Amino acid sequence: MLQLHAFEQQTFWFPWKFKKEKAILKTANDYLRGMVKDHLQHRFDAISKGTDNKDDILSYIIRANTFTDELGIDDFVDDFYTFLVAGMETTAIAMTCLIWEIVKNKEIYEKLKDEIETVYNGRDNIEYDDLALLVYTDQLIKETLRVHGPVQSTFRTASTPPVLMGLFYRPIPMYSSP
């Protein structure tokens, strides 16, 4: 069985190693980028012809770009990857932590179940207006995000050298944790 070591840190320290795994990842990446590029080009064409009737964020971004030539199709492919990974991974982590907290605490489970049953009130579907009634559910989600934030830390560097009271301070990376 092939193990993909391409994601391990030492792979990048020794670039001559794991060539087979890197080739597999590159092939998969190239295939996915090609599919995304084709889809985006189709959406670009539909918007420019006026036949696109979708009302989603991608349409808004493409329409906004028609007023400028700053972004090319490859920039959109890169942005698509960012939205896809950032949205999927952080949501999956948050949902996993939420379920874990519910499962390990029976009181939380019971209170959440009671609230949901009360709001659903025997219906099969919940209405948009009912979401405001899920107060405990909202609190539970927010507390889970506070305790188990999907993004645990950020690294920041000053973009310009800071000057405070006439003194120059050398910019250094800052570690921040929520």
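These notes cover the structure that comes with them. Keep in mind that this is a model prediction, so the values were computed, not measured.

About the criteria used
Residues numbered from 1 in each chain as written. Predicted model: local features only at pLDDT ≥ 70, side-chain atom pairs only at ≥ 80, totals over all residues. Heavy atoms only, no water. Helix = DSSP H or I, 4+ residues; strand = E, 2+ residues; numbered from the N terminus. Buried < 20%, exposed > 50% of the residue type's maximum accessible area, 1.4 Å probe, protein only. Contact = heavy atoms within 4.5 Å. Areas by Shrake-Rupley, 256 points an atom, 1.4 Å probe, with all protein chains shown as cover. Salt bridge = Lys/Arg side-chain N within 4 Å of Asp/Glu carboxyl O. Core = buried A, V, L, I, M, F, W, Y, C linked by side-chain atoms within 4.5 Å. Axes fitted to C-alpha atoms, helices over the stretch in contact; angles between N-to-C directions. Parallel < 35°, antiparallel > 145°, perpendicular 65-115°, else oblique. Nonpolar A, V, L, I, M, F, W, Y, C, P; charged D, E, K, R; others polar. Expected span 1.5 Å × (residues − 1). Arc of directions from axis to C-beta. Polar contact = N/O pair within 3.5 Å; in protein donor to acceptor, adjacent residues only side chain to side chain.

**As for the overall build of the chain**
A tally of helices and strands in the chain yields six helices and four strands. Starting at the N terminus, the α and β elements of the chain follow one another as α-α-α-α-α-α-β-β-β-β. Taking all 178 residues of the chain together, 21% fall into the buried category. Excluding contacts between residues fewer than 6 apart, the proportion of contacts in the chain whose partners are at least 24 apart in sequence is 36%. When the accessible surface of the chain is summed, it comes to about 14,200 Å², and 61% of that surface belongs to carbon and sulfur atoms.

**Examining the pattern of salt bridges**
All told, the structure shown has 10 salt bridges when counted by the stated rule. Note that arginine 43 and aspartate 52 form a salt bridge whose closest N and O atoms lie 3.4 Å from each other. As far as the burial class goes, arginine 43 and aspartate 52 line up, both buried. The partner of arginine 123 in a salt bridge is aspartate 130, with the nearest N and O atoms 2.6 Å apart. Among the residues examined, aspartate 130 registers a relative accessible area of 11% and is labelled buried. Taken together, the shared-partner salt bridges connect Arg43, Asp52 and Asp56 into one network.

**Remarks on the nonpolar core**
Generally speaking, a soluble globular protein has its nonpolar side chains buried in company with each other. Val36, Leu40, Phe44, Ile47, Leu58, Ile62, Ile73, Phe76, Val77 and Tyr81 together form the largest nonpolar core, which totals 10 residues. If you look at the next biggest cluster of nonpolar residues, it comprises six residues, including Leu98, Ile108, Leu112 and Leu140.

**Some words on the packing of helix 4 (residues 73-104) against helix 5 (residues 106-120)**
Contact geometry of helix 4 with helix 5 gives a least axis separation of 5 Å together with a crossing angle of 105°. As summarised for this structure, helix 4 and helix 5 are arranged roughly perpendicular, according to the angle between their axes. Of helix 5, the residues touching helix 4 (which contributes Glu101, Ile102 and Lys104) are Lys106, Ile108, Tyr109 and Leu112. Of the residues contributing to the contact of helix 4 with helix 5, the split by class is four nonpolar, no polar and three charged.

**As for helix 5**
The end-to-end C-alpha separation of helix 5 is 21 Å, in line with the 21 Å expected for 15 residues at 1.5 Å each. Every buried residue of helix 5 is accounted for by Ile108, Leu112, Glu115 and Val119. Here the buried residues of helix 5 occupy an arc of 65° about the axis, which is enough to place them on one side. In helix 5, the exposed positions that point more than 90 degrees away from the buried face belong to Lys106, Glu107 and Thr118. Looking at the packing, one finds that the buried side of helix 5 touches helix 4 and helix 6 (135-147). At the N-terminal boundary of helix 5, the capping side chain belongs to asparagine 105, with an oxygen 3.0 Å from the backbone nitrogen of glutamate 107. Trailing helix 5 by a residue or two, asparagine 121 shows a phi angle of about 50°, which is positive.

None of the figures reported here should be taken as evidence of function without further support.
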